[in-house]
Amino acid sequence: MTRVVVVGYGPTAHRFVETLRGKGFEGSITVLGEEPRPAYDRVALTSYLDGKSLADLTYPEPGDVTVRLSARVAGIDRQARVVTTEDGHSEPYDVLVLATGSSPFVPPVPGHDLPGCFVYRTIDDLDAIRLAAQDATSGIVIGGGLLGLEAADALRGLGLATHVVEMGPWLMPRQIDEGGGVVLRNHVEALGLTVHTKAGVDAIEAGPDGSVARLVKPGGEAVEAQIVVFSAGIRPRDELARQAGLAVGERGGILVDEGMRTDDPAIYAVGECALAGGMVYGLAGPCFTQAEVAVDRILGGTAAFTGADLSTKLKLLGVDVASFGTLDGALDVTFMDPVGGVYKKLFVSDDARTLLGGICVGDAGPYTSLRPLVGRELPASPTELLFAGTGGVNVDLPDDAQVCSCNNVTKGQICEAIAEHSLTDVPGIKACTRAGATCGSCVPLLKQILVSSGVEVSKAMCEHFPHTRAELFDIVRVRGITTFSQLIAEHGTGRGCDVCKPTVASILASLMGGHVLEGERAALQDTNDHFLANIQKNGTYSVVPRVPGGEITPEKLIVIGEVARDFGLYTKITGGQRIDLFGARVEQLPLIWRRLVDAGFESGHAYGKALRTVKSCVGSTWCRYGVQDAVGLAIALELRYRGLRSPHKLKSAVSGCARECAEARSKDFGIIATEQGWNLYVAGNGGFTPRHADLLAGDLPTDELIRVIDRFLMFYVRTADRLQRTSVWLENLDGGLDYLREVVIEDSLGICGDLEAQMDRHVAGYFDEWRATIEDPDKLSRFVSFVNAPGTPDPSISFATERDQIKPVLIPLEVVRS
Amino acid sequence: MTLDLRPAPLSLSWTPVCAYTALLPERGACVLVADQQIAIFRDFEGRLYALGNLDPFSGAYVLSRGIVGTREGEPMVASPMHKQAFSLVTGRCLDDPAAAVPTYPIRVADGQVEVSVT
Ligand code: SRM
Ligand SMILES: Cc1cc2nc3c(=O)[nH]c(=O)nc-3n(C[C@H](O)[C@H](O)[C@H](O)COP(=O)(O)OP(=O)(O)OC[C@H]3O[C@@H](n4cnc5c(N)ncnc54)[C@H](O)[C@@H]3O)c2cc1C
Ligand code: SF4
Ligand code: FES
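Just so it is clear, the model here is predicted, and its values are computed rather than measured. (Residues numbered from 1 in each chain as written. Chains lettered and ligands numbered in written order. Predicted model: local features only at pLDDT ≥ 70, side-chain atom pairs only at ≥ 80, totals over all residues. Heavy atoms only, no water.)

## As for the interface of chain B and chain A
Interface extent is often summarised as the accessible area lost during association of the parts.
Part 1: Opposite the 35 residues of chain B that make contact, chain A presents 39 residues.
Part 2: In this assembly, chain B packs against chain A so that about 2,800 Å² is buried in total across both faces, 57% of it on carbon and sulfur atoms.
Part 3: Connecting chain B to chain A are three salt bridges.
Part 4: For Asp 526 of chain A, the salt bridge identified is with Lys 83 of chain B, shortest N-O distance 2.7 Å.
Part 5: For the pair chain B and chain A, the interface holds 16 residue pairs in polar contact (both at pLDDT 80 or more).
Part 6: When contributions to the side of chain B that touches chain A are tallied by element, the ones reaching two or more residues are β1 (15-19), β2 (27-33), β5 (67-71) and β6 (74-78) of chain B.
Part 7: In terms of residues, the side of chain B that touches chain A owes the most to one element, β2 of chain B, which gives six residues.
Part 8: Grouping the constituent residues of the side of chain B that touches chain A by class yields 22 nonpolar, six polar and seven charged. (Contact = heavy atoms within 4.5 Å. Buried area = accessible area lost by both parts, 1.4 Å probe. Salt bridge = Lys/Arg side-chain N within 4 Å of Asp/Glu carboxyl O. Polar contact = N/O pair within 3.5 Å; in protein donor to acceptor, adjacent residues only side chain to side chain. Helix = DSSP H or I, 4+ residues; strand = E, 2+ residues; numbered from the N terminus. Nonpolar A, V, L, I, M, F, W, Y, C, P; charged D, E, K, R; others polar.)

And the structure:
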């Protein structure tokens, strides 16, 4: 049996083992990785700082592969075909694959190793930077290339005044030309970053505490900062190969042939450590192709790696920067709009017929639509293509055009997958072809291909309405429709169902306020909303009074206890920091609520697609770490948004400091206190698919925080699909978090005033649903088990005792069915 | 006014259960007749239907509390527990042909809704 051993467990190694197993290799596979964690998506590393968890970034575990973590390989014995790890473990191999990647280059300037100096490559690096940023006010990134700007954006996101120091004459000198550099610099400066170009580094100096205090430029000018991140290029990690006497390039990199084989036939090298065709490739796409070539060779094939596309695209808070193809040519055509911050340039052959490459800043349209056409005849004149505006012209791609460069997938392969598996959406394409699964920049093109393949993606909510919830919301809002009957008569068919009726009920509630059981609206509600309680498996209901922020007085606790005891209810502390009383029959609900309302309780809306709870930690009032009054804010927010009907339930939490005891980042909107104010995180989720919330805005004062939440919530209420939590909504929002920020913070759609006014109306119109119900005999009359025997309890309901409380006795289904 | 839908044999014994006006359009209510739980419904046009209240999928007596509507024109109620739809006309489950609930004759006489369980 063949034993394959892989050194290094980064993205390339992961792709290698996954492909090897996928192709049916039957021998053993062992991976030895230096990092303490399984392979993760390094391309998406930065998202770890703005919300993604390690779990989000970690690749799926490949089947039937032995992985050893924290296992740095220290030596290769080529004679004996054994590798040895630093901690003394030896692993024999028949085929060895080196996938050791690269390490950031740190120029040997004085002070480069002071505490406060970092590189930007691994999760550990980011953890260290995040920790240091807590006590820092400003940071410097050395290197204004692709990764440097990404790192600078991350420092900015951590709340630091950020500088970028670039030796070259403009930013990203390797990817873009001078004109593009000027436009890019304007964008970057507009974001509040300070740019130093043509700037060397003389020294990094320490302050009295021995850690970084400033960077000194050659002229003697100093920039104060407590954090320095080096991003001045990468060096292939070829040290193992050197020790073992394998051939390496003059400037580093393990020399390989077209089949990714080193000069030892038993050893391959793939990814950023390999020198293939005279190049070390620093992008994931080519590295993955190399891994696939090596797999093919090991299985006896003849695949060859013959170079790869070096197109790059970067998105820095809304600024698109991209370059593709060759950046020189006989002719070039430039489009420049300094006011709009757009710069686009195409390089074409001297007969102006063949596209060679392009650069774009501020509008990635040409990148998306033209990159697959490099080396082919231009579909229109260069000027037409450049003036086409955002999104570029719609060009028909030939079947063999590469659409996804990260995963080397052509248009033909995508169309085939669409036809063969009847795909209707981008996730489907991702799953079948991998296209779009890495950097995501080809996703707009994938959508275009779906549409042009004639895929009709049905948006209909149900058989009664051909609309999405957002469309219905607009119809109701714009036409001023006030009843379901009018809406379905004018815009739908039939008489509705359990899908559209509650949805319309929720839209009417968001827009009109009023009581959910008023008139015809009562008939639209799910049983939970209809009885203002949650149905349980035996047909009884639960009662959840609101406990804003989880704060409750002893008197109120006693009332809850007494009510539960008097009505024989099961009590439990919920995960939402309040108390649930279970086992009430419909006719008991008004009696229970009469007692609760008299004691000052109100509906907790546990039954509604509405605000549930705003959890809190104890915050600065008691906690020795707290920096703000988390309980006070949580109560204010819960009282502001209580009763707000929404596409799905809404949850929130407020933590008094970064220790995050309230788990705010698992909420639809979560707030974490800072020294200066509040950080607002949005679109978190627990439940089936957990998602960490993303930072929407930082250090907000309380009134501004509330305004931003008002806008965020109302924008969600208006545009989300039915039963779409904020997490899924944001994931599906075109333009994602950046777009959301543009809409709710920069007011790019000019609707913020409207959203705020709508929320103000909600707040002003709020009343307690339960109080209004017990005061209205008409509504109360529905709370009976039997209309012809109002006093009779449902005889099918009975209880047993467990741990001193009731539990439902269920009717066995065999009995029901027989 | 008579809103009787199905021709019923004259020998049926009818039990009055509530005023017709006590029923909300497109909503159900439950009545207890001879120890049996019957879910009665009034649809948008005013027609009446009666089904067994027991949801065969969950074993709970809850069908009267489901949402009333139509499925391809057929009047139906969706169980409030797990949303299976049942035809109001035939009692047949529209999501699972193997399941059905009993139907009962129902009519209006003198403004009173009457059902028959025998
Ligand atoms: C009572 C409680 C469990 C407990 O004993 O602690 C509970 C009980 C129910 N949850 Fe929950 N959830 C409870 C906290 C949570 C939490 C924790 C939290 O809120 O901090 C979560 C994860 C956080 C989240 O939502 O992101 C949670 C995630 C869910 C989900 C999954 C949502 C998702 O996006 O995947 C559902 C299903 C759904 O809503 O579609 C659900 C649905 C339900 C329902 C409504 C299921 C149902 O339809 O019968 C349960 C009935 C509640 C009742 O009868 O009163 N419950 N549920 C908690 C009530 C909190 C409260 O005071 O309001
Ligand atoms: C912040 C950032 C953003 C990026 N953005 C993009 C992008 O947008 N698009 C793009 O295409 N690319 C991007 N890249 C580059 C991309 O991440 C790399 O091309 C890719 O990670 C290369 O994978 P690799 O497996 O070859 O090397 P690596 O990811 O470096 O993995 C090598 C692994 O081997 C381990 N290792 C090394 N030596 C040993 C040893 N002796 N024993 C055991 N283990 C060892 C290392 O610890 C490491 O875990 C980005 C990189 C970074 C850092
Ligand atoms: S989040 Fe911070 S303030 Fe709140 S309880 Fe935890 S440590 Fe204390
Ligand atoms: S181009 Fe990066 S995922 Fe397709």
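## Focus on the site of ligand 2
All names here are of chain A.
Part 1: In the vicinity of ligand 2 there are 30 residues, among which Thr 12, Glu 34, Glu 35, Arg 42 and Glu 272 approach most closely.
Part 2: One nitrogen or oxygen atom from the main chain of Val 73 is found 2.9 Å from a nitrogen atom belonging to ligand 2.
Part 3: Considered on its own, ligand 2 offers 990 Å² of accessible surface; in the complex 95% of this is hidden by protein.
Part 4: Elements with a contribution of two residues or more to the shell around ligand 2: α1 (11-22) and α4 (146-157).
Part 5: Across the shell around ligand 2, the residue classes break down as 13 nonpolar, nine polar and eight charged.
Part 6: Shared between two domains, the shell around ligand 2 holds at least three residues of each, these being domain 1 (3-103 + 235-298) and domain 2 (117-232). (Near = heavy atom within 4 Å. Areas by Shrake-Rupley, 256 points an atom, 1.4 Å probe, with all protein chains shown as cover. Domains from an automatic or database assignment.)

## Describing the sheet that holds strand β6 (residues 90-92) of chain A
Residues and elements named next belong to chain A.
Part 1: Read from one edge of the open sheet, three strands run β4-β5-β6, paired in antiparallel fashion. Among the strands making up the open sheet, the edge pair consists of β4 (73-77) and β6. Each strand of the sheet is rotated relative to its neighbour by a mean of 20°, with strand direction disregarded. (Pairing = 2+ DSSP bridges. Axes fitted to C-alpha atoms, helices over the stretch in contact; angles between N-to-C directions.)

## Considerations on the site of ligand 3
Part 1: In the region of ligand 3, the neighbouring residues are Cys 617, Val 618, Gly 619, Cys 623, Gly 626, Ser 655, Gly 656, Cys 657, Arg 659, Glu 660 and Cys 661 of chain A.
Part 2: Per-class residue counts for the shell around ligand 3 are five nonpolar, four polar and two charged.

## Some words on the nonpolar core
Residues and elements named next belong to chain A.
Part 1: In terms of nonpolar packing, the biggest core is built from 71 residues, with Phe 669, Ile 671, Leu 680 and Leu 740 touching the most fellow members.
Part 2: Looking at which element gives the most residues to this core, the answer is helix α20 (residues 702-719), with 10 residues.
Part 3: Residue contributions to this core reach at least three from each of two domains, namely domain 3 (469-525) and domain 4 (534-765).
Part 4: With residues up to four places along the chain from it excluded, the contact list for Leu 740 reads Val 682, Leu 696, Phe 712, Phe 715, Trp 729, Leu 730, Leu 733 and Ile 745.
Part 5: Val 97, Ala 99, Val 256 and Val 293 belong to the second largest nonpolar core, which has 49 residues in total. (Core = buried A, V, L, I, M, F, W, Y, C linked by side-chain atoms within 4.5 Å. Buried < 20%, exposed > 50% of the residue type's maximum accessible area, 1.4 Å probe, protein only.)

## Notes on the sheet that holds strand β15 (residues 222-224) of chain A
Strand pairing in a sheet relies on backbone hydrogen bonds, with the paired strands running either antiparallel or parallel.
All names here are of chain A.
Part 1: Strand order in this open sheet of three strands is β13-β14-β15, and the pairing throughout is antiparallel. Two strands lie at the open edges of the sheet, namely β13 (203-206) and β15, each paired on one side alone. Across the sheet, the mean angle separating the axes of adjacent strands is 30° when strand polarity is ignored.
Part 2: Across four bridges, β13 lies against strand β14 (residues 212-216) in antiparallel orientation. Residue pairing across strands places Glu 205 opposite Arg 214, the latter belonging to β14.

## Concerning the confidence of the model for chain B
Part 1: Across chain B, the average pLDDT comes to 89, with 91% of residues at or above 70.
Part 2: Taken together, the chains of this predicted complex give a pTM of 0.56 and an interface ipTM of 0.70. (pLDDT = per-residue confidence, 0-100.)

## Quick look at the packing of helix α13 (residues 469-479) of chain A against α20 of chain A
All names here are of chain A.
Part 1: Direction vectors running N to C along α13 and α20 enclose 100°, while the axes themselves pass 7 Å from each other. For the element pair α13 / α20, the angle class is roughly perpendicular. In this structure, α13 contributes Arg 469, Ala 470, Phe 473 and Arg 477 to the contact, and α20 contributes Val 717, Arg 718 and Thr 719.
Part 2: For the contact of α13 with α20, the residue count by class is three nonpolar, one polar and three charged. (Parallel < 35°, antiparallel > 145°, perpendicular 65-115°, else oblique.)

## Topic: the environment of Asp 50 of chain A
Residues and elements named next belong to chain A.
Part 1: Assignment of secondary structure puts Asp 50 in the loop between β2 (28-32) and α2 (54-57).
Part 2: Note: C-alpha distance between Asp 50 and Ala 154 (104 residues apart in sequence) is 8.0 Å.
Part 3: Look past the residues within four positions of Asp 50 in its chain and what remains in contact with it is Arg 665, Asp 694 and Leu 695.

## Some words on the pairing of strand β3 (residues 36-42) of chain B
Residues and elements named next belong to chain B.
Part 1: Of all seven residues that make up β3, six are buried, and the element is covered over most of its length.
Part 2: The pairing of β2 with β3 spans seven bridges and is classified as antiparallel. Note that in β3 the partner of Gly 28 across the bridge is Phe 41.
Part 3: Counted along the chain from β2 to the antiparallel partner β3, the turn is two residues long, and its residue Ala 34 has a positive phi close to 50°.
Part 4: The turn joining β3 and strand β4 (residues 48-52), which pair antiparallel and follow one another in sequence, is formed by five residues; a positive phi near 105° is taken by Gly 46.

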